[in-house]
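Chain by chain, the residues:
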Amino acid sequence: MDAKADAAVLSAAARPRLSARWATLLVLAVVIATIPWFFPSGFYFRVAALVWVTALAAVGLQILMGQAGQVSLGHAGFVGIGAYAMALGPKYLGLDVLLCLPLGAALAGVIAFLVGRPILKLKGHYLAVATLGFGMLVTMVLVSEVGITGGPDGIRVPRAEILGWRIRGSETFYWIAGGALLIGTWIALNLQDSPSGRALAALHDSEVAARTIGIDVAAYKLRAFVIAAVYGAVAGGLLALMNGFVTPDAAGFIASVEYVTMVVIGGLASVPGAVVGAALLVLLPQALTVFHDYEHAVLGLLIMLFMIFLRVGIVPGLAALLRRRA
Amino acid sequence: MSLISVFRRGLLGLGTAALIAAPAMAQQGQPIRIGAVLSVTGPASFLGDPEDKTLRLYVNRINAAGGVNGRPLQLIVYDDGGDANRARTFATRLVEDDRVVAMVGGTTTGTTMAMRPVFEDARIPFISLAGGIEIIEPVAPFTFKTPHTDRMACEKIFADIRARGLTRVGMISGTDGFGQSMRGQCQRVAGPAGITIVADEQYGPRDSDMTPQLTRIRNTAGVEAIVNAGFGQGPAIVTRGYAQLGIRLPLYQSHGVASAQFIELATPAAAEGVRLPAAALLVAEQLPENDPQRRILIDYKTTFEREFNQPVSTFGGHAYDGLMILVEAMRRANSTDGTRLRDAIRATRGFVGTGGVVNMSATDHMGLDLSAFKMVEIRGGAFRLIGN
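Residues numbered from 1 in each chain as written. Chains lettered and ligands numbered in written order. Predicted model: local features only at pLDDT ≥ 70, side-chain atom pairs only at ≥ 80, totals over all residues.

1. Section: the overall build of chain B
Short version of the rule: What counts as a helix is a DSSP run of H or I of at least four residues, what counts as a strand is a run of E of at least two, and both are numbered from the N terminus. It is over C-alpha atoms that the radius of gyration is taken, and the globule rule equals 2.2 Å times the number of residues to the power 0.38. To sort residues by exposure, count the other C-beta atoms lying within 10 Å of each residue's C-beta; 20 or more gives buried, 12 or fewer gives exposed, and values between give partly exposed, all with C-beta atoms placed from the backbone.
The secondary structure content of chain B amounts to 14 helices and 14 strands. For 388 residues, the compact-globule estimate of 2.2 N^0.38 gives 21 Å, and the C-alpha radius of gyration of chain B, at 22 Å, lies within 12% of that figure. The principal-axis extent of the C-alpha atoms belonging to chain B is close to 80 × 40 × 35 Å. Counting across all 388 residues of chain B, residues that qualify as buried make up 51%.

Right, dumping it as structure tokens:
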């Protein structure tokens, strides 16, 4: 292959890549802006808002798992920290609930920074177990500190207010969550295409190789971990605001597993994949209620089928199928 | 599954009826939609499962008997798996999409509190099946509940201790949600009940030995009775430790262990003489003939056990009470309008349910008094009703 053909391949790969980023954002923006036209009732706003919020947390985890290649079974722990910040900040510190959203995100970031340093030295299964332990620790604190957190019965989150306007209603939260997801996706896509993103991809492929070309592996891993935690905490904060109530389930092990499932099922390497995975896992339980008593079995079966037939995930898998047809 | 076929049959029947009868009759036969979000699966399934079964069973029975105000009931059940966020989504679905006229459900205090704003905003009556006192205190205009509260259990125990001429109590509580909630309520009502709590010990839900805590209580000067606020296996281990140490003080357990399984776990010998407050369902056959609840309890018990071939539980009873209070209110209001239905539920007087005799008011959205709890003692490996 001569140099000219090489350059052509490179530019051909680079050009659509750039536009693909904007195309993804544009598609997401159009979807968020137009689907409300088809909603027959307010319930659909609620479910769609849930999809956007959950997707935000999943996009954060995608940065850690898909881009940096580090598994986390404790992502919901950070979601829980963000969510409980919205309840505890106003209650004990008298802070405005909206102020608690960035504060909770910052707190999650700091905790991720402190926890991440020792944890991220571990690899593979050991890392999975360590993050699992972290998530369980958060849940245990939330459950057992009944006097502070309200224990397993949960705690109320005050309604947010801007200049006397009370933020409430599924429709309002739909637009807030949709906006947050757009911004989150934009940042994640930019990160993927930045030098940092390429460094993450490099250490994902081979830590040894990444280290030999001068990438500070530990620092990049930690950065991805902190970013993922901040995404989770913002999503948790929005969820708490939307529900006006939060229980330790938000931080639970099952929730963590669900986030991992979303990222994997949508396509590990794909940011929009995380959104599709989140949409699937939020919408399916609603759609499957007709299978009363068997809904969990059907849900499990569907996830298995997706993993068998679209092994690389829904978004990359379908993209490959389309390309082959074309 | 069976529900769907029941619906389908119901709808077919309706269709035929509408064809035969004048079109004006169609509105008359429209089903009344009742929603239920229950924790049928997940950690609270031992509560949610009997609730689910009870609601389905009795909605079918009511429909077979001609429905309510000439209209059949349509029950829509969603399983939240014990997750408050999911419960909230299903609650929104019931209100916005299914357009239910009322809700009987909410298995845990957490899911109930998460769903409450949805029904309050929509002005639709919500009868919760969870225990927490914060559900009805302070009163929310459209939220009711049927189960007894922890506070009543404490009051019942303390009243019995006082009746024995004792006042100084040592408490031992689990650190789980149930134990902590009851511990807090007991501390709150101890003073007014004339009880002094002189020892306060705790144990983890998975601890396998509570003798150190019991020894400390025994060595506390002046303890006259022991009260154990707990749920699950903890109280059984406390009871065994109490027998092992040969403690002679009266031991009280909570309503959370009112099942035959507890006696088995604690061993009948160790549990001999232990007292606890329990719902009347536990001792239905022992109630005197003139007890107002007797007939309804035995009826519910035999109906449930015949249908599902499994022992009845008080949790299913809470669902029965919720559904029947709602049905009675719909008959009285002759309407499915949210506010009128709420007013009718609030006006419930002298309703005899499995949980007790219910007298609601604008300030009391549960309507039970201490007579709803029966004090029972374990004798010879069985629960015995003692002079209430």
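From this point on, the discussion continues.
2. With respect to the sheet that holds strand β1 (residues 32–38) of chain B
One key point about sheets: their strands pair by backbone hydrogen bonds, in either a parallel or an antiparallel sense. Residues and elements named next belong to chain B. What counts, and what does not: Any two strands with at least two DSSP bridges between them are considered paired. Inter-axis angles, ranging from 0 to 180 degrees, are taken between N-to-C directions of lines fitted to C-alpha atoms, where helices are fitted over the stretch in contact. A pair of residues counts as a contact when their C-beta atoms, built from backbone coordinates, are separated by no more than 7 Å.
Pairing is parallel in the open sheet, where five strands are placed in the order β2-β1-β3-β4-β5. Of all strands in the sheet, those bounded by a partner on one side alone are β2 (73–79) and β5 (143–145). Sheet twist, expressed as the average angle between the axes of neighbouring strands with direction ignored, equals 20°. In the packing of helix α3 (residues 45–64) onto the sheet, contacts are made with β1, β2 and β3 (102–105), and the angle to β2 comes to roughly 165°.

3. Let's talk about the environment of Ala160 of chain A
Residue and element names in this part refer to chain A. Checked against the element boundaries, Ala160 lands in the loop between β1 (155–156) and β2 (161–162). Note on Ala160: 21 C-beta atoms within 10 Å, which makes it buried. Placed 115 residues apart in sequence, Ala160 and Val275 show a C-alpha to C-alpha distance of 26 Å. Sequence-distant contacts of Ala160, defined by excluding residues within four places in its chain, comprise Val97, Leu98, Ile167 and Leu241.

4. Observations concerning the domain arrangement of chain B
Residues and elements named next belong to chain B. The condition that has to hold: Just so you know, the domain bounds were taken from an automatic or database domain assignment. When residue character is reported, Ala, Val, Leu, Ile, Met, Phe, Trp, Tyr, Cys and Pro are called nonpolar, Asp, Glu, Lys and Arg charged, and the others, Gly included, polar.
Here the domain parsing of chain B yields domain 1 (3–148 + 292–368) and domain 2 (150–278). Placing a centre on the C-alpha atoms of domain 1 and another on those of domain 2 gives a separation of 34 Å. With six residues of domain 1 in contact, the opposing surface of domain 2 contributes eight residues. Its residues assigned to classes, the side of domain 1 that touches domain 2 shows two nonpolar, four polar and no charged.

5. Quick word on the interface of chain A and chain B
Counting residues at the interface gives 24 residues for chain A and 23 residues for chain B. Per element, the largest residue contribution to the side of chain A that touches chain B is five residues, and it comes from helix α2 (residues 42–67) of chain A. Grouping the amino acids of the side of chain A that touches chain B by side-chain chemistry returns eight nonpolar, 12 polar and four charged.

6. Some remarks on unusual backbone geometry
Residue and element names in this part refer to chain B. A cis amide bond, omega 0°, links Glu137 with the succeeding residue Pro138. Looking at the secondary structure, you find Pro138 in the loop between β4 (126–128) and β5. The backbone phi angle of Arg123 is positive, close to 55°, even though this residue is not glycine. Secondary-structure assignment places Arg123 in the loop between α5 (109–122) and β4. At Asn309, a position not held by glycine, the phi torsion is positive, near 60°. With respect to the element layout, Asn309 can be found in the loop between α12 (294–308) and α13 (314–333).

7. Brief notes about the confidence of the model for chain B
Residues and elements named next belong to chain B. Worth spelling out the cut-off: Residue-level confidence of the predictor, termed pLDDT, takes values from 0 up to 100.
On average, residues of chain B score 89 in pLDDT, and 93% of them reach the 70 mark or higher. Between the elements of chain B, mean pLDDT differs from a low of 45, seen in helix α1 (residues 2–20), to a high of 97, seen in β4. Overall, residues 1–26 carries pLDDT values under 50, and its contacts beyond four positions in sequence, including any with other chains, amount to 14 contacts. Interface scoring of the predicted complex returns ipTM 0.82; its pTM is 0.83.

8. A closer look at the environment of Ser270 of chain A
Residue and element names in this part refer to chain A. Note that Ser270 resides in the loop between α11 (253–266) and α12 (271–287). In this structure Ser270 comes out as buried when scored by C-beta crowding, with 23 C-beta atoms within 10 Å. Between the alpha carbons of Ser270 and Val157 there is a distance of 34 Å; along the sequence they are 113 residues apart. Sequence-distant contacts of Ser270, defined by excluding residues within four places in its chain, comprise Gly66, Gly313, Val315 and Pro316.

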